[in-house]
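Coordinate analysis (summary)
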Amino acid sequence: MSVKLSEKYLKGFVSPTEVDKISHIAEAAYSVVKNRSGAGSDFLGWVDLPVNYDKEEFARIKVAAEKIKKMCDVFVVIGIGGSYLGARAAIEFVKSPLYNNLKKDTPDVYFAGNSISSSALSDILKLCEGKDVCINVISKSGTTTEPAVTFRIFRELLEKKYGEDGARERIFVTTDRARGKLKEFSTDKGYETFVVPDDIGGRYSVLTAVGLLPIAVSGCDIDAMMKGAADAREKYSDPSAKTNECIRYAAIRNIMYNKGKSIEILVAYEPAAQMLCEWWKQLYGESEGKDNKGLYPSSVIFSTDLHSLGQYVQEGLRTMFETVIDFKKSSDTVVIPDDPNNIDGLNFLSGKELHDVNRMAMTGTLFAHNDGGVANVVLEVEDRSEYSFGYLVYFFELACAVSGYMLGVNPFDQPGVEAYKKNMYALLGKPGYEDQKKALEARINK
């Protein structure tokens, strides 16, 4: 088992009896997920995805990834939200946050189209100068502003550099199966396309073509990743909150929420997990944050952030609890050398492996935060392998769906996301938004 829930650091905050008392609600929510009987059930394709994915497309993804590896020095992934966070999380989790700087036989992978910053996009364009480039644009509709604008710019760059025919071989599109502007355009142009499934929302899509093509280009083993998710699916098929740790985690979160906690902090002691935390924040924030409900998802990387936020966590408002990812094994071994002069007073660490020191820092922090009144859930993860990533992704996705139904919301819609888009479209003069533009301009000038 690649993920194990530890309740050791919940003592004094949440008792096993409290979990037992709410178990029937958690189990009922789990049943709603498995039976596809709740709000948003049209978007539960991810539940059986690890064993029910499109094998033909999966094979095409691996072929395309090998083609991309041979054709380019830089692979630019264009997408926003769930269209990039999962893939970037996987690459940094398995490979390194410094993946692009490492010596390797795979292309550098950069993510664009996730902001409207001219400086950020300009920097990536500069990195592409003098190099062979391929791109993967990911958008179900093709009309989302950030990736659509970025795709225009990179499409022009590739067509100028390689000609229209040459660009066609370097542009890969992940979009709707049969409809939408991007699908129509890609068919007309002859781009190779992959599918954003109709029954899987963006934040749940990392193990579809949305995430798998960039992940495969980086050299990650996507078969192992799917195997991890499949094993998690099997493990969490148990409907009992006593033995299903995924249901149990959802129940604990709900108990903390009902006790007045408003913030959940995801903690990792590996910088390689930072983008996993970002993916997690979208997953839980978009799924639960509606109807004036939901835990606010935050994240930190310790021990780094102990030197900036540690004081607040230790002694600030008691409105939070922490979920800690404990990586039991390190990808690398670094031994602390002895210093004959002991100028830093740290010879008591001589000969110790740095990962062991890191885990002792984690244990010390867990006890300190407990003493300061902060409950901690610990998720023990075996390592940073592809298998563990797939397993952990499935754990979080299933727990999120169960948590959402326990909270009484639809975990699969995001109506609030549209509010800023409509205002932005109006202010930019998009046809059909004239009245809204007038109203906003009046507010600006008030």
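Here's what I pulled together on the structure shown here. Values in this document were obtained by computation on a predicted structure and should not be read as measured data.

Okay, the pattern of salt bridges next. What the rule picks out here adds up to 30 salt bridges. Between Asp223 and Lys62 there is a salt bridge, with its nearest N and O atoms 2.9 Å apart. In this pair, Asp223 is assigned in helix α8 (residues 222–235) and Lys62 in helix α2 (residues 55–71), connecting sequence segments 161 residues apart. Notably, a salt bridge pairs Asp198 with Arg179, separated by 4.0 Å at the nearest N-O pair. Taken together, the residues Asp198 in the loop between β6 (192–195) and α7 (209–217) and Arg179 in the loop between β5 (171–175) and α6 (181–189) connect sequence positions 19 residues apart. Here the residues in one salt-bridge network are Lys140, Asp176, Arg179 and Asp198, joined through shared partners.

Here we take up the sheet that holds strand β8 (residues 296–301). Within the open sheet, the five strands sit side by side as β1-β10-β9-β7-β8. Their pairing is mixed. The strands lining the two open edges of the sheet, one partner per strand, are β1 (3–6) and β8. Taking the axes of each pair of neighbouring strands and ignoring which way they run, one obtains an average angle of 20° across the sheet. As defined by bridge partners, strand β7 (residues 263–268) adjoins β8 across six bridges and the pair is classed as parallel. Along β8, the bridge assignment pairs Ile263 with Tyr296. With respect to the sheet, helix α10 (residues 274–288) is in contact with β7, β8 and β9 (320–327), its orientation differing from that of β8 by roughly 175°.

Glancing now at the nonpolar core. Core analysis: the biggest nonpolar cluster contains 102 residues, and Trp46, Leu213, Trp279 and Phe396 have the highest contact counts within it. Counting 19 residues, the second largest nonpolar core, distinct from the first, contains Ile124, Cys128, Ile135 and Leu182.

If you trace the backbone, Phe111 turns up in strand β3 (residues 108–112). Placed 103 residues apart in sequence, Phe111 and Pro214 show a C-alpha to C-alpha distance of 9.8 Å. Beyond its immediate stretch of four places on either side in the chain, Phe111 contacts Val77, Tyr84, Ala87, Arg88, Ile91 and Ile124.

The volume enclosed by the largest pocket comes to roughly 850 Å³. Ser83, Thr144, Gly202, Gln414 and Lys421 are the residues nearest the centre of the largest pocket, which is lined by 33 residues in total. For the lining of the largest pocket, the secondary structure elements donating two or more residues are α5 (145–168), α10 and α14 (417–427). The greatest single-element share of the lining of the largest pocket, amounting to four residues, is contributed by α14. Of the residues that constitute the lining of the largest pocket, the class distribution is 12 nonpolar, 13 polar and eight charged. The space that makes up the second largest pocket amounts to roughly 470 Å³. Taken together, 19 residues form the lining of the second largest pocket, with Gly142, Thr143, Ala148, Val149 and Arg152 sitting closest to its centre. The set of elements that each furnish at least two residues to the lining of the second largest pocket consists of α5 and α6. The dominant element in the lining of the second largest pocket, judged by the number of residues it contributes, is α5, at seven residues.

Cut-offs and rules
- Along each chain, the written sequence defines residue order, and numbers are assigned to residues from 1.
- Only residues with pLDDT of at least 70 get local features here, since the model is predicted, and only at 80 or more are side-chain atom pairs given and counted; chain-wide, interface and lining totals rely on the full set of residues.
- To obtain the side-chain values, all non-hydrogen atoms of the structure were included, while hydrogens and water were left out.
- Put simply, a salt bridge is a Lys or Arg side-chain nitrogen that is within 4 Å of an Asp or Glu carboxyl oxygen.
- In this description a helix means any DSSP run of H or I spanning at least four residues, a strand means any run of E spanning at least two, and both kinds are numbered starting from the N terminus.
- When DSSP finds two or more bridges between two strands, those strands count as paired.
- To get an axis, a line is fitted to the C-alpha atoms, and for a helix only the part in contact is used. The angle between two axes follows their N-to-C directions and goes from 0 to 180 degrees.
- A contact between two residues is defined here by any heavy atoms of the two lying within 4.5 Å.
- We define a nonpolar core as any set of buried Ala, Val, Leu, Ile, Met, Phe, Trp, Tyr and Cys residues linked to one another through side-chain atoms lying within 4.5 Å.
- Each residue gets one of three labels from its accessible area relative to the maximum for its type: buried under 20%, exposed over 50%, partly exposed in between, using a 1.4 Å probe on protein chains only.
- Cavity: a set of points on a 1 Å grid over the protein atoms alone where a 1.4 Å probe fits but cannot get out. Pocket: an open set with protein on both sides within 12 Å along at least five of seven lines, its lining residues, like those of a cavity, having an atom within 4 Å of a point.
- Grid points are joined across faces, edges and corners, and a volume is the space filled by probe spheres set on the points.
- Amino acids outside the nonpolar list (Ala, Val, Leu, Ile, Met, Phe, Trp, Tyr, Cys, Pro) and the charged list (Asp, Glu, Lys, Arg) are all regarded as polar, and Gly is one of them.

Take it as geometry only, folks, not as evidence of what the structure does.
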